[in-house]
Amino acid sequence: MRRFEPYLLLFILYFVVGRIGLTIAPMWGLATLLWLPSGVALAALVIGGWRLWPAVFAAAFALYATAGAGFFPALFLGVGNTIEALVGTYILSHIVGLHYNLRHVRDNLGLVAVSLVTPIVSTSIATATLVLSGDLPPHTVIEFALVWWIASATGIIIATPFVVKWLKGPKFDRTPAQYAELAVALLAVFLISLFIFWTPTNQLAYYLCIPLTWVALRTGPRGITLALVMASALATIGTLQGNGPYGLTGLFALSVYLYTICALFLTFTSTVEERKEAQKELAKHVDELEQALSKISSEDEAKKNFLAILAHELRNPLAAMLSSVELLRLQKAGSEETPALVHTIGEHVHAMRSMLDDVLDISRISRNKLTLRKEVVALDLIVDRCVHSTESIFRNRRHKLLVHKSPHPLFIEADPIRIEQILVNLLNNAAKYTDPGGRIELSFSRDKGTIAVHVKDNGIGISKSMQKRIFEPFFQIQRGKLATEGLGVGLPLTRQLVDMHKGTIEVKSQGEGRGSEFIVTLPLAAKNQRPAIKPISSAKNKTLRAVKNTRSILVVDDNEAAALAISRLLTLRGHSVRTVYTGTAAVEEARRQPPDILILDIGLPDIDGYEVTHQLLLDPLFPSAIIALTGFGQTEDKEKAINAGFHYHLTKPVGLQELEKTFKKVEHIYAST
Ligand code: ADP
C-alpha cells in the first residue's frame, strides 16, 4: 500500500459508514441510534497506528458538515470523535496491551471499558458544541447525551473486535467439520434473529442468547465477532422496519440490548478460550511431567540393571579366581602348575580392576573430578602398550590382530594412560564382539592437524539404529539369546575421554554380522617430543596335567577361564570332566554321552541354559543331574532355574566344598537312574 492509501481508505470507510448511520436513524439530525464510525476509527488506529488520526478527523468533519452542521460545530464534533479514538487507542495499546487474537479476558474487558469510557469525550464535546451553537434545545441535553454515548459505545463494541479479529487475528485454520459447525451456528443466529426482529409478533429478544452461546462455546472469538455483527445488523434493520420487540419507539432500548449482548458474549467467549488454553497448558505440563517421570524411572531402571550386571560381571572372574586358589591349596608347594594358576588369578584380578576402574572413571567424569595429565607422546608407543595388554584376549579368541603403523612418528598432546584406555576399550570390544578366529585391524590415517585411529573388526556388527545408542551409559545391545558380557560403560567412557582430548569418535558398520569400525580422531601435537613408555611383559601360560577320575561331569560355561579352572579343580578331585563353551555344544555333548552331573551356566552365547535344559529334558529318561552355576543369584533367578528343570542352582563364585556338597544333594537323582 502506498503511504496515503490507508488514510484514504479510512476516510472513505468512516464517511460511508457514518453516512449510512445518519440516514437510517437520525436523531436531532446529527446523532444516531448506532454510531459504527467510532468502532471503525478505533480499530483503524489500533491496527494502523495513531498517526492515522487525520483521516478520522477529516472524515468526521466532512460527515457533520455535509449533514447540516455549521463549519465550527462540524469542526468541534470532528475533534471530539478524533480525541475519542485516540484515547481509546492509547488505552488499548498501552494499558491493556491488546492481543489481536482477542482470546484473553483482559483484552475483551479492555474493549468493554474503552467502549464505555471514551465516548464520554465525544459526548461531552458534541453536547457542549450543539448547546452553544443553539442547535440543541436545553431540555433535550440529557437525552441527547445518552443517545450519543450509547450509540458510540455500541458502535465500538460491535465494530472494533470484529475488524481487529478479522483483519489482524492469526490465520483462520479449521478442519472441514469445524467450518461446517461454524456455518450451522451462524445460520442459527441468522434464523433466530429473523424470527425475533423480522416478524411482527412480539418475541423475546433474549432468545438470541441460545445460538450465541453455541457460537461462543464452539467457534471462539472469530465466530462470535461475526455472529454479533450479523445479529446487530439484522436487529437494527428489523427494528427500523417497525418489527421486533422494540419497534421504532424503542430504539434506545435496542441500543442497550445490542451493547449488552455484545459485551457479554465477547467476555464469555474469551473466558471459554482462556479455559481451553489453560487446559491445553495443563495437559502439556502433565505430559512433560509424565515424560520426566518415565525418564527418571528408566534411568533408575538402567541403574538397577547396571548394579545387577556389575554384580554378575564381578562374579565371573571371582569364580575363576576362587577355583584357582582352591587348586593352589590342593597342590604341593613348587608344583609346576602353580605359575599357570597364579597367572589365571592375575588375569582375573586385572579384569576386575579394569572393570571397577571404568565404573569409577564414569563417576569421576560425571562429577567433573577426572583430570588429564597431558604430555606430548608418540602414538606408536601407546599403540605398542595397547597391543601388549590385549594380547591374551586376542590369543584366547584366536583372532588375528593386524597393526598398520604409520611410517612417520606421530605425536599427540594427550594423557597417555587415557589414550591407552580408549584404544584398549575399542580393541577389547572388537575381540569380544567378533566370533573366534576373526580379524581385527588397527590403522591410522592423517588429515590436516589430526590423526584418526581406526579399529576395524569383521565381527557381529552393529545395526544402524543401535549405532547412536551404544554410546549411552549402561546401554548394551540385546542380541537375542547371545549373552552380553561387560557393563555397558566402555563406550560412553571412551567417548567422554575422547571428548576431553577435543577429539571425536564415530562408528561405522554395514549392519549386523558385517563387522564394525570405530574411528577416533585426535588433534596432533604441535611440538615434537619423545616420552618413555615401558612395554609390559606378558606372563607365560602352562597347561595342567590330568588326574585319574571317578564321576563324569560336563562343565558348560562361555567364560573359558572359569570353565577351565573349575574343570581342573574337579579333575584334581578325581572326576572325569569335559568342558564345552556354548549351549548347542552342551546339548550335543550331553546327548552323545550323558554325564552324571551337568554344570551349566545360564548366560551362553547361542542358546541359554534354560533352553539347553529344556531340550535335554525333552527326553524323559535323560539321566544327568543338572546344576545351574550362574552369576545371577537373586531369589527369582533361583526359582526360575528350578522351574526350568534344573535340579540345583548355585551362584558364582562357588568353591570346591560347596560343589561337592551339592553333588551329594543331587546324588539320588543319578543314583536312582
Ligand atoms: P559392553 O561391551 O560392556 O557391553 P560398551 O559400552 O563397550 O559396553 O559397548 C556397548 C555395546 O556396543 C555392547 O553391548 C556391544 O553390543 C556394542 N559394541 C561395542 N563394540 C562393538 C563391536 N566392535 N562390534 C559389535 N558391537 C559392539
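Look above for the structure.
What you see is a predicted model; the values in this text were computed from it and never measured. (Residues numbered from 1 in each chain as written. Predicted model: local features only at pLDDT ≥ 70, side-chain atom pairs only at ≥ 80, totals over all residues. Heavy atoms only, no water.)

(A) View of helix α17 (residues 583-592). Those residues of α17 lying buried are Gly583, Ala586, Val587, Glu589 and Ala590. The secondary structure elements touched by the buried residues of α17 are β10 (552-556), β11 (576-580) and α18 (609-617). (Buried < 20%, exposed > 50% of the residue type's maximum accessible area, 1.4 Å probe, protein only. Helix = DSSP H or I, 4+ residues; strand = E, 2+ residues; numbered from the N terminus. Contact = heavy atoms within 4.5 Å.)

(B) Fine view of the side chain of Thr129. Among the secondary structure elements, Thr129 is positioned in helix α6 (residues 119-132). Assessed through its relative accessible area of 10%, Thr129 is described here as buried. Leaving out residues up to four positions away in the same chain, Thr129 has contacts with Pro73 and Phe76.

(C) Quick peek at the pattern of salt bridges. One pass over the structure, following the stated rule, counts 15 salt bridges. Across the salt bridge formed by Asp361 and Arg364, the nearest N and O atoms sit 2.9 Å from each other. Of this pair, Asp361 and Arg364 both sit in helix α11 (residues 338-366), 3 residues apart, roughly one helical turn. Asp361 sits in the buried class, given a relative accessible area of 3%. The exposure class of Arg364 is partly exposed, given its relative accessible area of 31%. (Salt bridge = Lys/Arg side-chain N within 4 Å of Asp/Glu carboxyl O.)

(D) Here's a closer look at the packing of aromatic side chains. Inspection of the entire model under this criterion finds 16 aromatic pairs. On the basis of an interplanar angle of 25° and a centroid distance of 5.9 Å, the ring pair of Trp35 and Tyr64 is categorised as stacked. On the criterion of sequence distance, the pair formed by Trp35 in the loop between β2 (31-32) and α2 (36-48) and Tyr64 in helix α3 (residues 53-66) is long-range, its members being 29 residues apart. By the burial criterion, Trp35 is buried, and Tyr64 matches it. Clustering of aromatic rings is evident, with ring pairs tying together Trp35, Tyr64, Phe144 and Trp148. In this structure, Arg51 is placed above the aromatic ring of Trp50, and the distance from its NZ or CZ to the ring centre is 6.0 Å. In this arrangement the basic side chain of Arg495 is found over the ring face of Phe471, its NZ or CZ atom lying 4.5 Å from the centre. (Phe/Tyr/Trp six-rings, centres within 6.5 Å; stacked < 30°, edge-to-face > 60°. Lys NZ or Arg CZ within 6 Å of the ring centre and 35° of its normal.)

(E) The pairing of β10, seen in detail. Counting buried positions over the 5 residues of β10 gives 5, a clear majority of the element. Examined bridge by bridge, β10 and β11 share 5 bridges and lie parallel to one another. Across the sheet, Val556 pairs through a bridge with Val580, a residue of β11. Regarding topology, helix α16 (residues 560-572) serves as the crossover connection from β10 to the parallel β11, and that connection is right-handed. Sheet topology places β10 next to strand β12 (residues 597-600); 4 bridges connect them, and they run parallel. In the sheet register, Val556 faces β12, and the bridge partner there is Leu600. (Pairing = 2+ DSSP bridges. Right-handed = clockwise from strand over helix to strand, strands pointing away.)

(F) Structural view of the packing of helix α13 (residues 416-432) against helix α15 (residues 490-500). At a minimum axis separation of 10 Å, α13 and α15 run at an interaxial angle of 145°. Pair α13 / α15 crosses with left-handed handedness. Seen from α13, the contacting residues are Arg418, Gln421, Ile422, Asn425, Leu426 and Asn429; seen from α15, they are Gly490, Leu491, Leu493, Thr494, Leu497 and Val498. Taken together, the residues of the contact of α13 with α15 sort by class into 6 nonpolar, 5 polar and 1 charged. (Axes fitted to C-alpha atoms, helices over the stretch in contact; angles between N-to-C directions. Left-handed = near helix turned anticlockwise from the far one by under 90°. Nonpolar A, V, L, I, M, F, W, Y, C, P; charged D, E, K, R; others polar.)

(G) A look at the nonpolar core. Grouped together as the largest cluster of nonpolar side chains are 50 residues, with contacts concentrated most on Leu379, Ile412, Ile419, Ile470 and Phe518. Ranked by residue count, the leading element in this core is α13, at 8 residues. The contact partners of Ile419, leaving out residues within four places of it in the chain, are Leu379, Ile382, Ile412, Ala414, His501 and Leu522. One finds Leu111, Val114, Ala185 and Leu266 within the second-largest nonpolar core, a separate group that totals 45 residues. (Core = buried A, V, L, I, M, F, W, Y, C linked by side-chain atoms within 4.5 Å.)

(H) Just unusual backbone geometry, in detail. Of note in this structure, Arg398 is not a glycine but carries a positive phi near 55°. The exposure class assigned to Arg398 is exposed, which follows from its relative accessible area of 58%. A positive phi angle is found at Lys502, which is not glycine, with a value near 60°. Position of Lys502 relative to the elements: it lies in the loop between α15 and β8 (504-508).

(I) Local environment of the site of the ligand. Not every one of the 23 residues close to the ligand is listed here, only the nearest: Tyr433, Gln476, Arg479, Leu487 and Leu491. Contacts to the ligand include Asn429, whose side-chain N or O atom sits 2.9 Å from an oxygen atom. The separation between an oxygen atom of the ligand and a polar main-chain atom of Leu487 is 2.8 Å. Protein coverage of the free-state accessible area of the ligand, which is 530 Å², stands at 98%. (Near = heavy atom within 4 Å. Polar contact = N/O pair within 3.5 Å; in protein donor to acceptor, adjacent residues only side chain to side chain. Areas by Shrake-Rupley, 256 points an atom, 1.4 Å probe, with all protein chains shown as cover.)

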